[in-house]
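Observations on the model geometry
Each chain is listed here by its residues.
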Amino acid sequence: MRLWSLHPALLDRQGLTAAWREALLAQAVLLGRTRGYTKHPQLERFRAHEQPSGAIASYLSAIAEDAARRGYRFDLARIAELPAPGTTLIPVTEGQVAYEWEHLLRKLSERSPAVHEQVVGGTPLLHPMFVVVPGDVEPWERP
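Our next topic: the side chain of T93. Turning to its location among the elements, T93 is positioned in strand β1 (residues 90-93). Separated by 2.4 Å, the side chain of T93 and the backbone oxygen of D136 make a polar contact. T93 has contacts with V133, P134, G135, D136, V137 and E138, leaving out every residue within four places of it along the chain.

Moving on: the nonpolar core. Of all hydrophobic cores here, the largest spans 35 residues; its most connected members are W20, F46, Y59, I63 and L104. Counting only elements with at least two residues in this core, the list comes to α1 (13-30), α3 (52-69), β1 and α4 (94-111). Leave out the neighbours within four places in its chain, and W20 touches L60, I63, A64, F74, D75, R78 and I79.

Turning our eyes to something else, we now look at the packing of aromatic side chains. Tallying each qualifying case throughout the model produces five aromatic pairs. Look at F46 and F130: their rings are 6.3 Å apart centre to centre, the planes differ by 85°, and that puts the pair in the edge-to-face class. Separated by 84 residues along the polypeptide, F46 in helix α2 (residues 44-47) and F130 in strand β2 (residues 130-133) bring together distant segments of the chain. Grouping aromatic residues by their ring pairs yields a cluster made of W20, Y72 and F74. Above the face of the W4 ring, R2 is positioned so that its terminal group lies 5.4 Å from the ring centre.

Thresholds applied
- Residues numbered from 1 in each chain as written.
- Predicted model: local features only at pLDDT ≥ 70, side-chain atom pairs only at ≥ 80, totals over all residues.
- Heavy atoms only, no water.
- Helix = DSSP H or I, 4+ residues; strand = E, 2+ residues; numbered from the N terminus.
- Polar contact = N/O pair within 3.5 Å; in protein donor to acceptor, adjacent residues only side chain to side chain.
- Contact = heavy atoms within 4.5 Å.
- Core = buried A, V, L, I, M, F, W, Y, C linked by side-chain atoms within 4.5 Å.
- Buried < 20%, exposed > 50% of the residue type's maximum accessible area, 1.4 Å probe, protein only.
- Phe/Tyr/Trp six-rings, centres within 6.5 Å; stacked < 30°, edge-to-face > 60°.
- Lys NZ or Arg CZ within 6 Å of the ring centre and 35° of its normal.

Given below as structure tokens:
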């Protein structure tokens, strides 16, 4: 499971659909609807949020928004609740953003060279659910 801290606009088609699918799985886990993945480290930052289900709803909504911008139709009915306006942002460290950026660039160079060419040399934009704070790679990351 990869719940990117990076903006969905940076993902290629495969990455965007995987992000949607994996965030839906994360939502199911956070809502207690599955027995698997309950201890997945990527969920720690959502569990720590004051409103875990609202946070994952906001996360999913941003992915669906970017999908719609590209002409894809992700089923918004799959988001269990409406994202609450003013949902508290989740902090993500500078080190984590740098780690994910390099990880994404490697994936794109192999899988989608045209998308890689568009984003390489750019700035890693954040998913709107996150805010950067100083620090190294997050302790929950499994490099």
